[in-house]
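What follows is the residue order along each chain.
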Amino acid sequence: MSLIARIKRFLGLEAKPEKEEKVVEVPKEEVEKVAEEEKAKPRIGYIHLSGCTGDAMSLTENYDILADLLTDMVEIVYGTTLVDVWEMPEMDLALVEGSVCLQDEHSLKELKEVREKAKLVCAFGSCAATGCFTRYARGGQQAQPAHESFVPISSIIDVDLALPGCPPSPEIIAKAVVALLNDDMDYLKPMLDLAGYNEACGCDLQTKIVNQGLCIGCGTCAMACQTRALEMINGRPQLNNDRCIKCGICYIQCPRSWWPEEQIRKELGL
């Protein structure tokens, strides 16, 4: 069984068996050309800005496939702690973790260089996507740290897709990589749509779901909240503002915020 097939089985994405095809003789030159193309692996870079590294830790929790994922499926070409490279190379995908500090000239320069060198830029985690808890930050090591500001990376550069979450689940990270490998843009579409969603709050559920008569009281939002800022009262989400870190995961996970029917049917084999 091929590597992709094993990973698809692990993630529940196993495709239907293909029909047998007739054997056709192909010129040797053509075979060598195709083989060379198949050897090419997506070049991925990891850029860490103002975050806690929780998103990278979530990636490593894909224990069963991590070794294959990082060695056989993709080529890690850039990363502060992953690759001994000083100059940023060309990349197919750049995973950017953390928001960007407007007073940090190095981070701003690196982020802009990422946009120049990467075909796809992914806001990896809610700090990069929405600012998350760094929206409240007044930190750093400046003489007057209270003067520092942190914003989502989409406030500085164009972002192609986002994987929100504090942190994103290990499964969604692995599935996104597999979708990239298979050029499955249908699976990536929700993440592409979230690229411009850079301001989030638990109150989004009230204004965009409950007030619009869309809430079905399933409790998915409360289960998705990693800080327990939401609880279900009388079948509706109740927000505790003191616990909300503005990651946006509650609204994103709500099944009424978007409904990818075709993708759901595909994953369930319907």
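Because the structure is a prediction, the values reported are computed rather than measured.

Further remarks concern helix α5 (residues 105-117). Taking 1.5 Å of rise per residue, the 13 residues of α5 would be expected to cover 18 Å, and the 18 Å separating its terminal C-alpha atoms lies within 8% of that figure. Where α5 is concerned, the buried positions are S107, L108, E110, L111, V114 and K117. Along its buried surface, α5 packs onto β1 (43-48), β2 (75-79), β3 (91-97), β4 (100-101) and β5 (118-124). Taking the backbone nitrogen of H106 as reference, a side-chain oxygen 3.1 Å away marks D104 as the first, capping residue of α5.

The next subject is the packing of helix α7 (residues 170-181) against helix α8 (residues 185-193). It is at 9 Å that the axes of α7 and α8 come closest, and there the two elements cross at 120°. In terms of their interaxial angle, α7 and α8 are classed as oblique. Note that α7 runs across α8; the crossing there is left-handed. Between α7 and α8, the contacting residues are I172, K175, A176, A179 and L180 on the first element and Y187, L188 and M191 on the second.

The next subject is the sheet that holds β5. Within a sheet, neighbouring strands are paired by backbone hydrogen bonds and run either parallel or antiparallel to one another. In spatial order, the strands read β2-β1-β3-β5-β7; together these five strands make up an open sheet with parallel pairing. In this open sheet, the two edge strands, each paired with only one partner strand, are β2 and β7 (161-163). Strand-to-strand, the axes of this sheet are offset by a mean angle of 25°, without reference to chain direction. Two strands pair when backbone bridges link them, and β5 and β7 are joined in this way by three bridges, in the parallel orientation. Among the inter-strand pairings, C122 is bridged to a residue of β7, identified as L161. Each of β1, β2, β3 and β5 touches α5; the most contacted strand, β5, lies at about 135° to it.

Cut-off values and rules
- Residues numbered from 1 in each chain as written.
- Predicted model: local features only at pLDDT ≥ 70, side-chain atom pairs only at ≥ 80, totals over all residues.
- Heavy atoms only, no water.
- Helix = DSSP H or I, 4+ residues; strand = E, 2+ residues; numbered from the N terminus.
- Expected span 1.5 Å × (residues − 1).
- Buried < 20%, exposed > 50% of the residue type's maximum accessible area, 1.4 Å probe, protein only.
- Contact = heavy atoms within 4.5 Å.
- Polar contact = N/O pair within 3.5 Å; in protein donor to acceptor, adjacent residues only side chain to side chain.
- Axes fitted to C-alpha atoms, helices over the stretch in contact; angles between N-to-C directions.
- Parallel < 35°, antiparallel > 145°, perpendicular 65-115°, else oblique.
- Left-handed = near helix turned anticlockwise from the far one by under 90°.
- Pairing = 2+ DSSP bridges.

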